[in-house]
Amino acid sequence: MIRIAVLNIKGGSGKSTLATNLAAWIAQCGRHVALVDYDPQESATAWLNRRPADRPHIAGVSAKGSDVRLTRVYRLVDALNTEFAVIDTPAALPVQELIYYCRDAHKVLLPVLPSRIDTDVCARMIRHLHVHGGIKKGDGRLGIIAS
């Protein structure tokens, strides 16, 4: 299973929007996908609940109460027979917790809005991912998405 984590420590960066659109695109391509929602706001779960039933299926996993330090993402979606897991992470993550969201991720996507504040946070976020998230320079796992 391919695991894609969408994260940014700054709220309002477009994490849930990117996660839901990515999951919808994967489903539209005919692949089995789960949308794992760790965000306390549960925006991705709310979007999935409003999604018309005639659209390609996306398995929803509300992980709000799960402790990411103890339960790995693939354990949450094991029984769902999915090829992809798109993980919507909460904002304001302590940098020490980045490793728990990144450790099993094949790709880590960092959405960034086109403002000075957001690009400054993005630069700090990249440093945190290298130091605390286990993302190594040149490993091809990190993608910066202009939203």
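Residues numbered from 1 in each chain as written. Predicted model: local features only at pLDDT ≥ 70, side-chain atom pairs only at ≥ 80, totals over all residues. Heavy atoms only, no water.

Structural notes on the overall build of the protein chain
Phase 1 of the analysis: Helix and strand counts for the protein chain come out as 5 helices and 6 strands.
Phase 2 of the analysis: Listed N to C, the secondary structure of the protein chain is β-α-β-α-β-α-β-α-β-α-β in terms of helices and strands.
Phase 3 of the analysis: The C-alpha extent of the protein chain, read off along each of the three principal axes, is 40 × 30 × 30 Å.
Phase 4 of the analysis: Per-residue burial for the protein chain yields a buried fraction of 44% across its 147 residues.
Phase 5 of the analysis: Considering only contacts in the protein chain between residues 6 or more positions apart, those separated by 24 or more positions represent 76%.
Phase 6 of the analysis: Summed over its atoms, the accessible surface of the protein chain is roughly 7,600 Å², and 53% of this surface lies on carbon and sulfur atoms.
Phase 7 of the analysis: Considering the protein chain, the positive charge centre built from 19 side chains and the negative charge centre built from 13 side chains are found 5 Å apart. (Helix = DSSP H or I, 4+ residues; strand = E, 2+ residues; numbered from the N terminus. Buried < 20%, exposed > 50% of the residue type's maximum accessible area, 1.4 Å probe, protein only. Contact = heavy atoms within 4.5 Å. Areas by Shrake-Rupley, 256 points an atom, 1.4 Å probe, with all protein chains shown as cover. Lys, Arg positive; Asp, Glu negative; His and termini not counted. Charge placed at Lys NZ, Arg CZ, Asp CG, Glu CD.)

Some points on the pattern of salt bridges
Phase 1 of the analysis: Under the definition given, this model contains 5 salt bridges.
Phase 2 of the analysis: In this structure, D118 engages K10 in a salt bridge whose closest nitrogen and oxygen atoms are separated by 3.4 Å. In this pair, D118 is assigned in helix 5 (residues 116–131) and K10 in the loop between strand 1 (2–6) and helix 1 (15–28), connecting sequence segments 108 residues apart.
Phase 3 of the analysis: The exposure class of D118 is buried, given its relative accessible area of 8%.
Phase 4 of the analysis: Given the relative accessible area of 21%, K10 is considered partly exposed.
Phase 5 of the analysis: When the shortest N-O distance is used, the salt bridge between D120 and R116 registers 3.1 Å. (Salt bridge = Lys/Arg side-chain N within 4 Å of Asp/Glu carboxyl O.)

Re the packing of aromatic side chains
Phase 1 of the analysis: Counted according to the given criterion, the structure contains 1 aromatic pair.
Phase 2 of the analysis: Plain terms: the ring middles of Y38 and Y101 are 5.2 Å apart, the flat faces sit at 90 degrees to each other, and that makes the pair edge-to-face. Of this pair, Y38 sits in the loop between strand 2 (33–37) and helix 2 (43–50) while Y101 sits in helix 4 (residues 98–102), and the two are 63 residues apart along the sequence. Like Y38, the residue Y101 is buried in the burial classification. (Phe/Tyr/Trp six-rings, centres within 6.5 Å; stacked < 30°, edge-to-face > 60°.)

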